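# Structural features, examined
Chain residues, written in single-letter form:
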Amino acid sequence: MVLFSKTDVPNGDDGDLSFDTLQTNENKLPSLQQYTARDGEKLSYRYYGAETDKTIILLHGSAYHSSYLQPLASHLSENDVANVYTPDFRGHGPQTENRGEADYIGQLEDDINDFVKYIRSQQEGPLLLGGHSSGGGTVIRYAGGENEPVDGYLMLSPFIHHTAPTYRPDSEWSNVNMPRMIGLSILNTFGITVLNHKDVISFNMPEAVRDGTETLRYNYALQISMHARNDYGKDIASLEEPSFVMIGTDDHISKPEAFQPLFNEYSPKTKVSLLPDISHFDVVTKNTAHKMIAEWLDHYDGP
């Protein structure tokens, strides 16, 4: 199953995602800067400064990189709501050598830990961790691990886990090599990780929006690192700091109606908001979402 199954080639469909709604303003896009992870790898990020002591790290979703978060990041910084840092995950972005690869499961958490320490050396005020889609799932995973503490969590249309009630199995966004996923899961149960470099998933993205900086295949180590653990309820329950989940009613990647019951069960203090007529990307591009996120951050009064 691991050696001979094939991962589908990404097609040119939009996979239930309206990529035409992405509205990155190149004139407002900060240049890439770099920090050094613990393995010596130079990883990229963008910084949006503001006149405030509040700071948020925003993590991007699958297949692309931090540039599409620009509308939300610009809104928060220009209105002095928060300083915003948008890192590119390892294996993503315009400047990466090992596209779609992580060396081991949990390496993204280690990278975020290193980035949190780096930001703490730059900013003195409250530091929150946020993310969109798989970036939101990574936030939940980070909360559930033994990681550097942050002061709050923001999750926008988070992908939590394929066994969670929020998962929509009929989404056409991803092509999962299920035999290989099952085989590698079994091997990892016995501590065998030597084949975790094999690709297990590809993402459908229209040819018209591809520019060579997208990442349309992930290896097993990277894919597993970008969502909550199998015991996702335990990770969600670890959201002890102030936390906020936002999802649109027109999101076709997840089941919007399933978020409130799920978080009520595991993290009842987490605020969950459903925005009418908002899609998967709209939570980072539409002014309605920007204002609600800014309002939550404005009312955030520390850990």
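Here's what I pulled together on the structure shown here. (Residues numbered from 1 in each chain as written. Predicted model: local features only at pLDDT ≥ 70, side-chain atom pairs only at ≥ 80, totals over all residues. Heavy atoms only, no water.)

### What to know about the overall build of the protein
Counted only if it meets this: Going along the chain from the N terminus, every DSSP run of H or I of four or more residues is numbered as a helix, and every run of E of two or more is numbered as a strand. The buried label goes to any residue with under 20% of its type's maximum accessible area, the exposed label to any with over 50%, and the partly exposed label to all in between, with areas taken from a 1.4 Å probe on protein chains only. When checking whether two residues touch, look at their non-hydrogen atoms; a contact exists if any pair is within 4.5 Å. To be clear on the numbers: accessible area is Shrake-Rupley with a 1.4 Å probe, and residue cover counts the displayed protein chains and nothing else.
When its secondary structure is counted, the protein shows nine helices and 11 strands. Dimensions along the principal axes, computed over C-alpha positions, put the protein at roughly 55 × 40 × 40 Å. The buried share of the protein, reckoned over its 303 residues, is 57%. Intrachain contacts of the protein at a sequence separation of at least 6 include 77% that bridge at least 24 residues. Total accessible area on the protein stands at roughly 12900 Å², and carbon and sulfur atoms take up 47% of it.

### Observations regarding the pattern of salt bridges
Pairs can form between side chains of opposite charge once their charged atoms are near each other. For clarity, the cut-off: One speaks of a salt bridge when a side-chain nitrogen belonging to Lys or Arg is within 4 Å of a carboxyl oxygen belonging to Asp or Glu.
A full pass over the atoms with the stated rule returns 14 salt bridges. For E78, the salt bridge is made with K28, and the minimal N-O distance between the two is 3.3 Å. Residue E78 is located in helix α1 (residues 70–78), and its partner K28 is located in the segment before β1 (33–36); the two are separated by 50 residues in the primary sequence. A salt bridge links R229 to D235; its shortest N-O distance comes to 3.2 Å. Residue classification places R229 among the partly exposed positions, given a relative accessible area of 26%. On the basis of relative accessibility, which here comes to 2%, the residue D235 falls in the buried class. When salt bridges that share partners are traced, they join E109, R141, R229 and D235 into one network.

### Section: the sheet that holds strand β2 (residues 42–48)
Cut-off, in case you're wondering: Only strands that DSSP links by at least two bridges are regarded as paired with each other. A fitted line through C-alpha atoms serves as each axis, taken over the contacting stretch for helices, and the angle formed by two N-to-C directions is quoted from 0 to 180°.
On the basis of which strands lie adjacent, the open sheet formed by eight strands has the order β1-β2-β4-β3-β5-β6-β10-β11 and mixed pairing. The open sheet has two edge strands, β1 and β11 (271–275), and neither has a second partner. Strand after strand, the sheet turns through a mean of 25° between neighbouring axes, direction not considered. Inspection of the sheet shows strand β6 (residues 153–156) paired to strand β10 (residues 243–248) by four bridges, in the parallel sense. If you follow L156 over to β10, its bridge partner there is M246. Strands β2, β3 (55–59), β4 (83–87) and β6 of the sheet are contacted by α1, whose axis makes an angle of about 50° with β2.

### Here we look at the environment of S174
Here S174 shows up in strand β7 (residues 174–176). Separated by 32 residues in sequence, S174 and Y142 place their C-alpha atoms 23 Å apart. The residues touching S174, leaving out its near neighbours within four places in the chain, are I201, S202 and F203.

### Overview of the pairing of β3
Of all the five residues making up β3, five are buried; the element is thus mostly covered by neighbouring parts of the structure. On β3, burial covers both faces: T55, I57 and L59 on one face and I56 and L58 on the other are all buried. Where β3 and β4 come together, three bridges link them in parallel fashion. Bridging across to β4, I56 finds its partner in V84.

### Structural notes on a nonpolar patch on the surface
How we decide: A residue counts toward a patch only above 30% relative accessible area and without a salt bridge, and it is joined to like-charged neighbours within 9 Å or, for Val, Leu, Ile, Met, Phe, Trp and Tyr, to nonpolar neighbours within 5 Å.
On the surface, M1, V176, M178, I182, I186, F190, I192 and V194 cluster together into a nonpolar patch covering about 790 Å² of accessible area. Its location among the elements puts I182 in helix α4 (residues 178–189).

### What to know about the packing of aromatic side chains
Spelled out, the test is: Side-chain rings of Phe, Tyr and Trp, where Trp is taken by its six-membered ring, are said to pair if the distance between their centres is within 6.5 Å; with planes under 30 degrees apart they count as stacked, over 60 as edge-to-face, and otherwise as tilted.
A full pass over the atoms with the stated rule returns 17 aromatic pairs. Ring geometry for Y68 versus F281: centroids 5.9 Å apart, planes at 70°, classification edge-to-face. Linking Y68 in the loop between β3 and α1 with F281 in the loop between β11 and α8 (282–285), this pair joins segments that are 213 residues apart in sequence. The pair Y68 / F281 is uniform in exposure class, with both members buried. In textbook terms, an aromatic cluster arises when at least three aromatic residues are bridged by ring pairs, as seen for Y35, Y45, Y47, Y85, F115 and Y118.

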